[in-house]
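Analysis of the macromolecular model
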Amino acid sequence: MDATTQCPSCAASRQSIVRDGHFFRADDAKAVQRYRCKACGKKFSAATFKPTYRQKKRRINSTIRFCFASNMCPRDMAELVGVNIKTVASRLRWQAALSRRKNREYLRAYLDVQGPIKCVQFDDLITFEHTKCKPLSVPVAVINDQRIPLGFGVASIPAFGHLAKISRKKYGKRDDESRVVREALFEELTALLPSDVCFKTDGHAHYRQLIKHYFPHAEHQVFQSDRGAIVGQGELKKTTFDNLFSINHTFATIRAKVNRLNRRTWCTTKKPERLADHMDIFIDVFCDRLKLLNLAPRTLQQRAAKQTTEWG
Ligand SMILES: [Zn+2]
């Protein structure tokens, strides 16, 4: 919403809004226009409707966004841009909300430009919160060949292998949310994908059930999953041709670019929600990096404005 079109207090129309001086914003050295509503007498400014409203460090936002998708840890980011680490932590959540909206917009624009999606690859990335005894599963769906992430979820899963017993003893029984989260993701996918889409996955039993349930007319191609190459973060495969290249390469990119998902890192996830936030920022930057669509903030605004006029 633009400050000049509606009063934020009484929703009076443009005619009742008059300019009322300005103030100087030290943070980015800009003069900001103030407005007054003649109907209710309340004052506001051009900054009132911006996502950065009441932020004191606007200039760091674009750097922080980029750094979160470039394998940097919050402490280094804080040092780089000259703020407290708590500011970086709060910007993670703030940027994630913006990125989430942008990612949705990006997918909508992609479908508009490229038409319906024909093939999708799907798999789970395994990570953990705080300790390997508390693993997390991150199911991700990407467009075949293009590698654009269509959606993801974060689910707690019980520890497996030799850690299973230790984990139960130390932290008690851990819920397995992976099925619920995958179902929620497929629910989302039904809105994005046509019914005759093709899925490429590994031989996981639950994938077959999900695809049968949510996409009964879809084709499902199952490929054996190979051992990872040492340089490939465990996700890039040794073999000459990888049928699940799109998803594996996306996972390898995520592992290399999202600092908390690096192998053998000490920057671990402390809360699953923050991992989801971090993933959203990564996807935002990653889609820009792929350069498949040019969706600068300005073009997004124009698109949104065009859509509202179209919808009346
Ligand atoms: Zn008003």
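Since the model is a prediction, treat every value here as computed from it, not as a measurement.

Another aspect to go through is the domain arrangement of the chain. According to the domain assignment, the chain consists of domain 1 (1–50) and domain 2 (59–293). Each of domain 1 and domain 2 has a C-alpha centre, and the two are 40 Å apart.

Tracing the sequence through the fold places Ser225 in the loop between β9 (219–222) and α7 (245–257). Residue Ser225 is classed as partly exposed on the basis of its C-beta count, with 16 C-beta atoms lying within 10 Å. When the C-alpha atoms of Ser225 and Leu80 are compared, they prove to be 40 Å apart, with 145 residues separating the residues in sequence.

All right, on to helix α8 (residues 272–290) then. When the terminal C-alpha atoms of α8 are compared, their 26 Å separation across 19 residues agrees well with the 27 Å that a helix rising 1.5 Å per residue should span. Those residues of α8 lying buried are Leu275, Asp277, His278, Met279, Asp280, Ile281, Phe282, Ile283, Asp284, Phe286 and Cys287. Elements that come into contact with the buried residues of α8 comprise α1 (61–68), α3 (85–114), β5 (135–143), β6 (149–152) and α7. Within two residues after α8, Lys291 carries a phi angle of roughly 55°, on the positive side.

Strand pairing within a sheet occurs via backbone hydrogen bonds; the two strands may be parallel or antiparallel. Ordered in space as β1-β2-β3, the three strands form an open sheet in which the pairing is antiparallel. Strand pairing shows two members of the sheet lacking a second neighbour, β1 (17–25) and β3 (43–45), which therefore form its edges. The mean angle between the axes of side-by-side strands here comes to 30°, regardless of whether they run parallel or antiparallel. Here strand β2 (residues 30–37) pairs with β3 via three bridges, running antiparallel. Residue Arg36 lies in a different strand from β3, and its bridge partner there is Lys43.

Counting buried positions along β1 yields zero of nine residues, so the element is predominantly exposed. Bridge count between β1 and β2: seven bridges; the pairing is antiparallel. Residue pairing in the sheet places Arg25 in a bridge with Lys30 of β2. Joining the antiparallel neighbours β1 and β2 is a turn of four residues, in which Ala29 adopts a positive phi near 55°.

For the rest of this paragraph, the subject is the packing of helix α2 (residues 74–81) against α3. At a minimum axis separation of 8 Å, α2 and α3 run at an interaxial angle of 110°. Relative to α3, the element α2 lies roughly perpendicular. Judged by the twist between their axes, the crossing of α2 over α3 is right-handed. Where α2 abuts α3, its residues Pro74, Arg75, Met77 and Ala78 lie against Ile85, Thr87, Val88 and Ala89. Across the contact of α2 with α3, the residue classes break down as six nonpolar, one polar and one charged.

In terms of nonpolar packing, the biggest core is built from 54 residues, with Val120, Val140, Ala141, Val142, Leu150 and Phe282 touching the most fellow members. Considering each element in turn, this core owes the most residues, seven residues, to α8. Not counting residues up to four positions away in its chain, the partners in contact with Ala141 are Val120, Phe122, Leu150, Gly151, Leu185 and Leu189.

Axis separation between α1 and α2 bottoms out at 11 Å; the angle between their running directions is 150°. In this view, α1 runs roughly antiparallel relative to α2, as classed from their interaxial angle. For the element pair α1 and α2, the recorded crossing hand is right-handed. Within the contact between the two elements, α1 uses Thr63, Ile64 and Cys67 and α2 uses Met77, Leu80 and Val81. Partitioning the contact of α1 with α2 into residue classes produces five nonpolar, one polar and no charged.

Mapped onto the secondary structure, Lys38 falls in the loop between β2 and β3. For Lys38, a count of 11 C-beta atoms within 10 Å corresponds to the exposed category. Sequence spacing of Lys38 and Ala78 is 40 residues, and the spatial spacing of their C-alpha atoms is 43 Å. Apart from residues no more than four positions distant in its own chain, Lys38 is found in contact with Ser16 and Val18.

The next thing to look at is α1. Taken together, the buried positions of α1 are occupied by Ile64, Arg65, Cys67 and Phe68. With its buried residues spanning 165° around the axis, α1 presents them on a single face. Residues of α1 that are buried sit in contact with α2, α3 and α8.

Rules and cut-offs
Residues numbered from 1 in each chain as written. Predicted model: local features only at pLDDT ≥ 70, side-chain atom pairs only at ≥ 80, totals over all residues. Domains from an automatic or database assignment. Helix = DSSP H or I, 4+ residues; strand = E, 2+ residues; numbered from the N terminus. Buried ≥ 20, exposed ≤ 12 C-beta atoms within 10 Å, placed from the backbone. Expected span 1.5 Å × (residues − 1). Contact = placed C-beta atoms within 7 Å. Pairing = 2+ DSSP bridges. Axes fitted to C-alpha atoms, helices over the stretch in contact; angles between N-to-C directions. Parallel < 35°, antiparallel > 145°, perpendicular 65-115°, else oblique. Left-handed = near helix turned anticlockwise from the far one by under 90°. Nonpolar A, V, L, I, M, F, W, Y, C, P; charged D, E, K, R; others polar. Core = buried A, V, L, I, M, F, W, Y, C linked by C-beta atoms within 7 Å. Arc of directions from axis to C-beta.

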